[in-house]
Protein chains: 2
Amino acid sequence: MDKFERKLDQAARAAWLSYVGGHTQDEIASQLGVSRPGVQRLLALARQEGLVKVHIDHPIAGCMALSEAIGERYGLEFCDVVPADPQGAPDGSTRYLAVAAAERLSWYLDRSEPLTLSLGTGRAVRGMVEALSRIDRPQHRVVSLVGNVARDGSSNRYDGVMVLADKTGGERFLLPAPVVAGSVEESEALCGQRLYQSVAEVAREAEVAFIGVGRIDRQATLFQDHFISEAELDELLEREAVGELLGWPLSRDGEVIDCSITRRVTSLPLTIFRDRPLVAVGGGRDKGPALLAALRGGWLKGLVTDEHAARYIVETERGSGLDGAGPAAKV
Amino acid sequence: MDKFERKLDQAARAAWLSYVGGHTQDEIASQLGVSRPGVQRLLALARQEGLVKVHIDHPIAGCMALSEAIGERYGLEFCDVVPADPQGAPDGSTRYLAVAAAERLSWYLDRSEPLTLSLGTGRAVRGMVEALSRIDRPQHRVVSLVGNVARDGSSNRYDGVMVLADKTGGERFLLPAPVVAGSVEESEALCGQRLYQSVAEVAREAEVAFIGVGRIDRQATLFQDHFISEAELDELLEREAVGELLGWPLSRDGEVIDCSITRRVTSLPLTIFRDRPLVAVGGGRDKGPALLAALRGGWLKGLVTDEHAARYIVETERGSGLDGAGPAAKV
DNA sequence: CTCGTGGTCGATCATTTGTTCGTGCTTTGA
DNA sequence: TCAAAGCACGAACAAATGATCGACCACGAG
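Criteria and cut-off values
- Residues numbered from 1 in each chain as written.
- Chains lettered and ligands numbered in written order.
- Predicted model: local features only at pLDDT ≥ 70, side-chain atom pairs only at ≥ 80, totals over all residues.
- Heavy atoms only, no water.
- Near = heavy atom within 4 Å.
- Polar contact = N/O pair within 3.5 Å; in protein donor to acceptor, adjacent residues only side chain to side chain.
- Helix = DSSP H or I, 4+ residues; strand = E, 2+ residues; numbered from the N terminus.
- Core = buried A, V, L, I, M, F, W, Y, C linked by side-chain atoms within 4.5 Å.
- Buried < 20%, exposed > 50% of the residue type's maximum accessible area, 1.4 Å probe, protein only.
- Contact = heavy atoms within 4.5 Å.
- Pairing = 2+ DSSP bridges.
- Salt bridge = Lys/Arg side-chain N within 4 Å of Asp/Glu carboxyl O.
- Nonpolar A, V, L, I, M, F, W, Y, C, P; charged D, E, K, R; others polar.
- Domains from an automatic or database assignment.
- Least-squares fit on C-alpha atoms with pLDDT ≥ 70 in both.
- Buried area = accessible area lost by both parts, 1.4 Å probe.
- Disulfide = S-S within 2.5 Å.

Undergrad: Before we go on, may I ask you to explain the protein's contact with DNA strand D in this structure?
TA: Within the structure, DNA strand D sits among A:Ser35, A:Pro37, A:Arg41, B:Thr24, B:Gln25, B:Arg36, B:Gln40 and B:Arg47. Counting only the atoms of DNA strand D within 4 Å of the protein, the fraction contributed by sugar and phosphate is 50%. At 2.7 Å from a base nitrogen of DNA strand D is found a side-chain nitrogen or oxygen belonging to A:Arg41. For the surface near DNA strand D, the secondary structure elements donating two or more residues are α3 (36–48) of chain A together with α3 (36–48) of chain B.

Undergrad: Would you take a moment to explain the nonpolar core for this structure?
TA: Most often, soluble globular proteins keep nonpolar side chains buried together rather than apart. Membership of the largest hydrophobic core comes to 62 residues, with the highest contact counts inside it found for B:Ile70, B:Leu300 and B:Leu303. If one sorts the elements of this core by residue count, helix α12 (residues 288–296) of chain B sits on top with six residues. Residue contacts for B:Ile70: discarding those within four places in its chain leaves B:Leu76, B:Cys79, B:Leu295, B:Leu303, B:Ala310, B:Ile313 and B:Val314. Among the nonpolar cores identified, the runner-up in size contains 61 residues, and A:Ile70, A:Phe173, A:Val265 and A:Trp299 belong to it.

Undergrad: Any chance you could explain the pairing of strand β10 (residues 278–281) of chain B here in plain terms?
TA: Regular strands show a simple pattern: their side chains alternate between the two faces of the sheet. All names here are of chain B. On β10, burial covers both faces: Leu 278 and Ala 280 on one face and Val 279 and Val 281 on the other are all buried. Relative to β10, strand β6 (residues 208–212) runs parallel, the two sharing four bridges. Across the sheet, residue Ile 211 finds its bridge partner in β10, namely Ala 280. One ladder, built from three bridges, connects β10 with strand β11 (residues 302–306); its direction is parallel.

Undergrad: Would you mind showing me how to read the pattern of salt bridges here?
TA: Side chains that differ in sign of charge can pair as their charged atoms come close. Considering all chains together, one arrives at 35 salt bridges over all chains under this definition. When the shortest N-O distance is used, the salt bridge between A:Asp166 and A:Arg172 registers 2.8 Å. Judged by its relative accessible area of 46%, A:Asp166 is partly exposed. Residue B:Arg204 is joined to B:Glu201 by a salt bridge in which the shortest nitrogen-to-oxygen separation is 3.9 Å. Taken together, the residues span about one helical turn, with B:Arg204 and B:Glu201 both in helix α9 (residues 194–205) at a distance of three residues. For B:Glu201, a relative accessible area of 40% corresponds to the partly exposed category. Through salt bridges with shared partners, a single network forms among A:Arg215, A:Asp217 and A:Asp286.

Undergrad: Mind showing me how you'd approach the protein's contact with DNA strand C here?
TA: Surrounding DNA strand C, one finds A:Thr24, A:Gln25, A:Arg36, A:Gln40, A:Arg47, B:Ser35, B:Pro37 and B:Arg41. When the atoms of DNA strand C within 4 Å of the protein are sorted by group, sugar and phosphate make up 45%. In this structure, A:Gln40 approaches DNA strand C through a side-chain N or O atom, which is 2.7 Å from a phosphate oxygen. B:Arg41 places a polar side-chain atom, nitrogen or oxygen, 2.7 Å from a base oxygen of DNA strand C. Only α3 of chain A together with α3 of chain B provide two or more residues apiece to the surface near DNA strand C. Per element, the largest residue contribution to the surface near DNA strand C is three residues, and it comes from α3(A). Partitioned by chemical class, the residues of the surface near DNA strand C number one nonpolar, four polar and three charged.

Undergrad: Would you take a moment to explain the domain arrangement of chain A for this structure?
TA: How big an interface is tends to be reported as the loss of accessible area on association of its parts. Assigned domains within chain A: domain 1 (2–48) and domain 2 (60–319). Distance from the C-alpha centre of domain 1 of chain A to the C-alpha centre of domain 2 of chain A: 50 Å.

Undergrad: When you look at the relation of the copies chain A and chain B in this model, what are you seeing that I'm missing?
TA: Superposing the two chain copies requires a rotation about an axis and a translation along that axis. In the superposition of chain A on chain B (RMSD 0.3 Å, axial shift 0.1 Å), the rotation amounts to 178 degrees. The symmetry that links the two subunits is that of a two-fold axis. Looking at the rotation axis and the C-alpha trace of chain A, the residue lying nearest is A:Val54, at 2.2 Å. Looking at chain A, 95% of its interface residues are interface residues in chain B too, so the copies touch through the same face.

Undergrad: Please explain the interface of chain A and chain B as it appears in this structure.
TA: Each partner contributes residues to the interface: chain A has 37 residues there, and chain B has 37 residues. For the pair chain A and chain B, the summed buried area comes to about 3400 Å², and 59% of that belongs to carbon and sulfur atoms. Per-residue buried area on chain A facing chain B is highest for A:Trp16, A:Ile56 and A:Met64; these three make up 19% of the total on that side. At the boundary of chain A with chain B, the tally comes to two salt bridges. Here B:Asp57 ties to A:Lys53 by a salt bridge, and the two come within 3.1 Å at their closest N and O atoms.

Undergrad: I keep staring at the side chain of A:Asp306 and nothing clicks. Help me out?
TA: Residues and elements named next belong to chain A. Topologically, Asp 306 is positioned in strand β11 (residues 302–306). Within polar-contact distance, the side chain of Asp 306 engages the backbone nitrogen of Gly 284 at 2.9 Å. Apart from residues lying up to four places away in sequence, Asp 306 is in contact with Val 81, Val 82, Ser 93, Leu 97, Gly 282, Gly 283 and Gly 284.

Undergrad: Looking at this structure, I do not really get the state of the cysteines. What am I missing?
TA: Each disulfide consists of one covalent bond between the sulfur atoms belonging to two cysteines. On inspection of all chains with the given rule, the structure shows zero disulfides over all chains. Free of any disulfide, A:Cys191 has its nearest cysteine sulfur in A:Cys259, 16 Å distant.

Right under this line is the structure:
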């Protein structure tokens, strides 16, 4: 159809004048001899037909695409993807990750009304609070969602509650328990303690949580830091756990797996965050499966990750055919 | 400076969200945690730093760049550049040129108040009026600016006045003269005729003129169609004429060359268009020098040409160092 | 310690852009 | 030839954008 091609020519002209030439639509209208709304329609056509290609010349560009795709797909309120460090170690983005997460964290901390904020454990959470600059907020309370006592009685060195509370000058509430109790009875006893209950009560009042995401494999933090034994790790692998949130093991689809360990986890249940923002922090391609599980389970409202993990997530989701189309560039 | 880099990161993020993601600045502001004017500044920075690259995926794109450069450089009211026909003959854009010129022409013809419009001669003008679709405007007058009688008494087959007047149904005024008289006396006699005078009077009332541009070389229309003899052509070449408008020979700089021929040209003087739009139509790389001369002389207010000639003009002007910088992409 | 001074930030306003709706035209089928 | 449908167009309005200005803050010199 010749008519259509003529229109496309005009559309291309209008698009050029608008996006490259920097003219206003009024100028373009008089130049092309059409009305201003006509120019509007031409520009819409040009975009719709994909005549207009915009490229952002910066490493961030790829991250933004991933961020948008993931945030859209899993209904997140935000999704930050930090770029993979171009030179050097594959894990070089750890620092970026911490800074990005700290920025999100300070968004909450900035406000002056009293805030109750809860934290999970792990290197990522610890890195986040360390990257945070000191801020005077004694009115805020910081509470842990997961025990920081290992089975041998030692304290978890990656617990961020102490560091954060030091930086804000606010109150701190530590959960006096191991992540996984030795038995169901012990678990019930621990959770029944008055001290545990009062900390848990504060945790339930938290308006937002920042947590890490754990892998379930030989390098699992849960195992490496002696929160679970090798036998217990084997059981989780047996049940096809791919990740954990606060010690709760997740299946590929993000369901909490009901097994012997689940019944002994002393952390707060994930369900208390169904209506409040739960923010996960974690990066590296190895964390990909765990993050994906957490996303699929719909547990998260926010995510701070890196390009490696984000790429894994998007590629895997694409591959499984759940969602073939990413968000289209609208301009 | 690390601070600047951080800002550039933010700017890239903002640019991506705005141009690729299609979000509003308000959305971006809340997402990035800055105020709306802040986003404004980030976007300005991103553009300024050249982070944003826009590409229009259409053959027209190159033409628009040329068009803008030429229109800007020579203060034209408009400059249409039609694309070179991708496949086939190097002169394949003739048809495009005719259609584009016809569009400009009909812009003037469309109006209902009486219009006096003048035409030059040549294949380009003839093509233009032929490409024009019939339009009922008996109130308009069409007048020729240049004689259509060759030295041997035959009429110029490329005269467009008759064709155009047929299409509009309006009055027509033909200049009863050769382009170049045999002698100064003959020229004065011709121009003194009452008939010539009355047609010239109409021509002087013309609000706009569409004219061709002639080369001055062995293939010159002026020569080929027997308006001038070989000896006269040699004289023009001797005087370094590179083109002609209405038969008036132009130097490289667009000055009308004062020579024996100039004193015998019977066409209307170019100066009558100093304050009214004179539109040149012509394409092909061969016409480049002639067009460039016409532009340099400042005779033109509008130009319809093709990519070949436009490219010649821009490249030559660049090379001569008169204007190194093209219009910057403002986004 | 106080006073500029440069620079950044956000409120406000003018301009530009996007959308909606009613009108009139062309096109198509009876 | 006429009627109905579809379509394109432009007026008017709503939203978003860009620009200006004053206020505030950190820094350095006197």
